[in-house]
Amino acid sequence: MKEIIDIVAAYEKAIAENKKTALATVVLVEGSAYRRAGARMLITEDGQLTGAISGGCLEGDALRKARMVILQQEALLVTYDTMDDDDARLGVGLGCNGIIHILIEPIHAGKINPITLLKTAIASRGNSVLGTLFSLQNRKAPQPGSCLCLTGSQLFYDDLQVLPFETQLLADAGDALANQRSAVSAYGQYTAFVEFVKPLISLVIIGAGNDAIPLMKMADVLGWNATVVDGRPMYITEERFPSVKKIIAKPDQILKNLEVNERTAFVLMTHNYNYEIAFLKELLPLQPSYIGILGPKKKLERMLDELEQGGTIISEKNLETIHGPVGLDIGSETSEEIALSIIAEIKAVFSKRNGRSLKYKTTVIHSV
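Remember, predicted model here, so these are calculated numbers, not experimental data. (Residues numbered from 1 in each chain as written. Predicted model: local features only at pLDDT ≥ 70, side-chain atom pairs only at ≥ 80, totals over all residues. Heavy atoms only, no water.)

In this section: the pattern of salt bridges. Between side chains of opposite charge, pairing is possible as soon as their charged atoms come close. Tallying each qualifying case throughout the model produces 13 salt bridges. With its nearest N and O atoms 3.1 Å apart, the salt bridge here joins Glu 3 to Arg 35. A residue pair is termed long-range when its members are at least 10 positions apart, and Glu 3 in helix α1 (residues 2–16) and Arg 35 in the loop between β1 (21–31) and β2 (40–44) qualify at 32 residues. Using a relative accessible area of 23% as the deciding quantity, one classes Arg 35 as partly exposed. If you follow the salt bridges from partner to partner, you end up with Lys 13, Glu 17, Lys 19 and Asp 46 in one network. (Salt bridge = Lys/Arg side-chain N within 4 Å of Asp/Glu carboxyl O. Helix = DSSP H or I, 4+ residues; strand = E, 2+ residues; numbered from the N terminus. Buried < 20%, exposed > 50% of the residue type's maximum accessible area, 1.4 Å probe, protein only.)

Here's what the structure looks like:
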């Protein structure tokens with residue numbers, strides 16, 4: 001989602017500067033590639049790039065083709081085969097071994113276009129699906145391209161445009177939203193990339209001590225929505241935590257100021273036992289997807305015992321989502337290293353991965 005947000009911002013800047021643009025989207029990957037389907041890059045007519053479709057090896061050629069797309073104002077489907085001797089030279093820096101299909105579309109301002117659809121996905125603040133149609137069988141045929149965005153509350157598309165296989169595409173978009181999984185489907189000569197898009201992770205850091213600063217900075221680099229909470233005004237300052245939401249409140253007042261959803265992660269790091277146990281009591285009934293608690297395991301066990309003795313019901317789901325000690329075991333010592341381990345664990349949890357080294361993975365890194 002961060003890449004999408006960056007692309008939309010770059011597009012708005014280009015429009016303000018009267019620059020024409022094109023959007024390159026990886027719509028299908030066969031075999032191995034640096035980026036998966038759904039990777040995007042905005043190209044301006046003067047060669048400015050936002051986003052990425054590879055590790056850097058394809059961008060130069062894609063820029064040349066994007067300029068042609070901008071000039072001709074027609075979408076173009078480009079294929080890079082890194083298993084082919086000639087095309088492999090493009091991917092020599094990656095060691096890729098796959099076929100990458102990239103759709104490059106001109107952006108027509110003032111109408112429903114790929115950027116309009118990306119904006120709709122951002123504005124939904126929830127799960128969404130983006131639909132893209134292209135023709136692998138006949139590359140000279142018109143490429144419908146980015147054509148719809150489905151959110152939990154609306155379907156956004158150009159109802160004046162006649163879409164090939166519209167009924168099937170809408171049905172697949174609904175399935176992707178329900179199953180929370182992207183898919184590629186073939187409709188006659190057309191192929192549909194139905195992309196499930198997750199909203200940004202929201203990180204709520206409970207505690208504004210010095211060790212919370214690197215955690216906030218790393219979350220900011222990733223584009224996560226970060227909120228810092230503390231009851232001490234002298235700690236939770238603009239100088240220490242710029243450009244993030246700040247809440248100064250007691251534990252029983254914090255949740256009134258927060259919007260909690262399935263993509264919200266909480267990290268408790270106040271070094272104040274009473275503050276944290278009071279907040280945990282308020283938080284558990286909401287059953288958030290991730291709660292990280294800084295400190296030794298004995299501290300967490302004591303907190304849970306005291307809560308249960310006080311009448312708080314702690315479900316199995318609560319126990320599954322509480323991570324204490326917080327973070328992955330990477331040998332962290334400094335506050336920056338601890339922040340890295342926490343960020344990595346949160347990402348692994350929301351990606352439903354185990355956080356192991358990729359060298360032990362027996363399947364492809366990226367699925368559809």
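Let us look at the packing of aromatic side chains. Counting across every chain of the model gives three aromatic pairs. Where Phe 165 meets Tyr 187, the ring centres are 5.8 Å apart and the plane angle is 35°; that geometry is what we call tilted. With Phe 165 in the loop between β8 (155–157) and α5 (166–179) and Tyr 187 in strand β9 (residues 183–187), the pair connects residues that are 22 residues apart, well separated along the chain. On the numbers, 6.5 Å between centres and 65° between planes, the contact of Phe 165 with Tyr 190 is edge-to-face. (Phe/Tyr/Trp six-rings, centres within 6.5 Å; stacked < 30°, edge-to-face > 60°.)

Cis peptide bonds are those with omega within 30 degrees of zero, and the linkage from Gly 324 to Pro 325 qualifies with 0°. The residue Pro 325 is located in the loop between β16 (322–323) and α11 (335–350) in this model. In this structure, Asn 18 is a non-glycine residue whose phi angle is positive, near 60°. Assignment of secondary structure puts Asn 18 in the loop between α1 and β1.

Let us now look at the side chain of Thr 151. Within the secondary structure layout, Thr 151 lies in strand β7 (residues 145–151). The contact partners of Thr 151, leaving out residues within four places of it in the chain, are Thr 120, Ser 124, Asn 127, Ser 128 and Leu 177. (Contact = heavy atoms within 4.5 Å.)

Another point: α11. The terminal C-alpha atoms of α11 lie 23 Å apart, and with 16 residues this matches the ideal 22 Å at 1.5 Å per residue to within 8%. Contact partners of the buried residues in α11: β11 (202–206), α6 (212–221), β14 (264–268), β15 (290–293) and β16. Lys 352 lies just past α11 and shows a positive phi near 60°. (Expected span 1.5 Å × (residues − 1).)

Turning next to the sheet that holds β1. Here five strands make up an open sheet; going across it, the order is β3-β2-β1-β5-β4 and the pairing antiparallel. Here the strands that pair on one side only, and so sit at the sheet edges, are β3 (49–51) and β4 (76–81). Averaged over all adjacent pairs, the angle separating strand axes in this sheet is 20°, with direction ignored. Along the sheet face, helix α2 (residues 59–72) touches β1, β2, β3, β4 and β5 (98–106) and points at about 165° away from the line of β4. (Pairing = 2+ DSSP bridges. Axes fitted to C-alpha atoms, helices over the stretch in contact; angles between N-to-C directions.)

Moving on, we come to the packing of helix α8 (residues 273–283) against helix α9 (residues 297–309). The N-to-C vectors of α8 and α9 enclose an angle of 55°; their axes lie 10 Å apart at closest approach. The orientation of α8 with respect to α9, classified from their angle, is oblique. Where α8 crosses over α9, the handedness of that crossing is right-handed. Of α9, the residues touching α8 (which contributes Tyr 273, Glu 276, Ile 277, Leu 280 and Lys 281) are Lys 299, Arg 302, Met 303, Leu 304, Glu 306 and Leu 307. By residue class, the composition of the contact of α8 with α9 is six nonpolar, no polar and five charged. (Parallel < 35°, antiparallel > 145°, perpendicular 65-115°, else oblique. Left-handed = near helix turned anticlockwise from the far one by under 90°. Nonpolar A, V, L, I, M, F, W, Y, C, P; charged D, E, K, R; others polar.)

Moving on to the sheet that holds strand β13 (residues 245–248). Strands sit in the order β13-β12-β11-β14-β15-β16 across an open sheet of six strands; the sheet is parallel. Edge strands, defined here as strands with exactly one partner in the open sheet, are β13 and β16. Relative to β15, β14 runs parallel, the two being bridged by four bridges. Its bridge partner being in β15, Val 267 is matched across the sheet by Gly 292. Against the sheet, α6 touches β11, β12 (225–230) and β14, its axis set at about 175° to β11. Here α8 sits on the sheet in contact with β11, β12, β14 and β15, set at roughly 155° to β14.

It is worth spelling out the domain arrangement of the chain at this point. Note on interface size: it is often stated as the accessible area lost on association of the parts. When its domains are assigned, the chain resolves into domain 1 (1–197) and domain 2 (202–351). Between domain 1 and domain 2, the residue contacts involve four residues of the former and seven residues of the latter. Where domain 1 abuts domain 2, roughly 330 Å² becomes buried across the two surfaces, and 30% of that area is made up of carbon and sulfur atoms. Considering only the side of domain 1, the residues that lose the most area to domain 2 are Lys 2, Arg 125 and Asn 127, jointly responsible for 89% of the buried surface there. At the surface where domain 1 touches domain 2, the tally comes to zero salt bridges. If you look at where domain 1 meets domain 2, you find one residue pair in polar contact (both at pLDDT 80 or more). (Domains from an automatic or database assignment. Buried area = accessible area lost by both parts, 1.4 Å probe. Polar contact = N/O pair within 3.5 Å; in protein donor to acceptor, adjacent residues only side chain to side chain.)

To continue, consider the UniProt feature "domain: XdhC Rossmann" (unreviewed entry) in the chain. The UniProt record marks residues 203–346 with the feature "domain: XdhC Rossmann" (unreviewed entry), using the residue numbering of this structure. As annotated, residues 203–346 comprises 39% helix and 17% strand, and the C-alpha atoms at either end are separated by 9 Å. (UniProt positions renumbered as here; feature names shortened; annotations may be inferred.)

Our next topic: a positive patch on the surface. The grouping of Arg 36, Arg 181, Lys 198, Lys 347, Lys 352, Arg 353 and Lys 361 at the surface amounts to a positive patch. Within the secondary structure, Lys 361 is located in the segment after α11. (Patch = residues over 30% accessible without salt bridge, like charges linked within 9 Å, V, L, I, M, F, W, Y side chains within 5 Å. Areas by Shrake-Rupley, 256 points an atom, 1.4 Å probe, with all protein chains shown as cover. Lys, Arg positive; Asp, Glu negative; His and termini not counted. Charge placed at Lys NZ, Arg CZ, Asp CG, Glu CD.)

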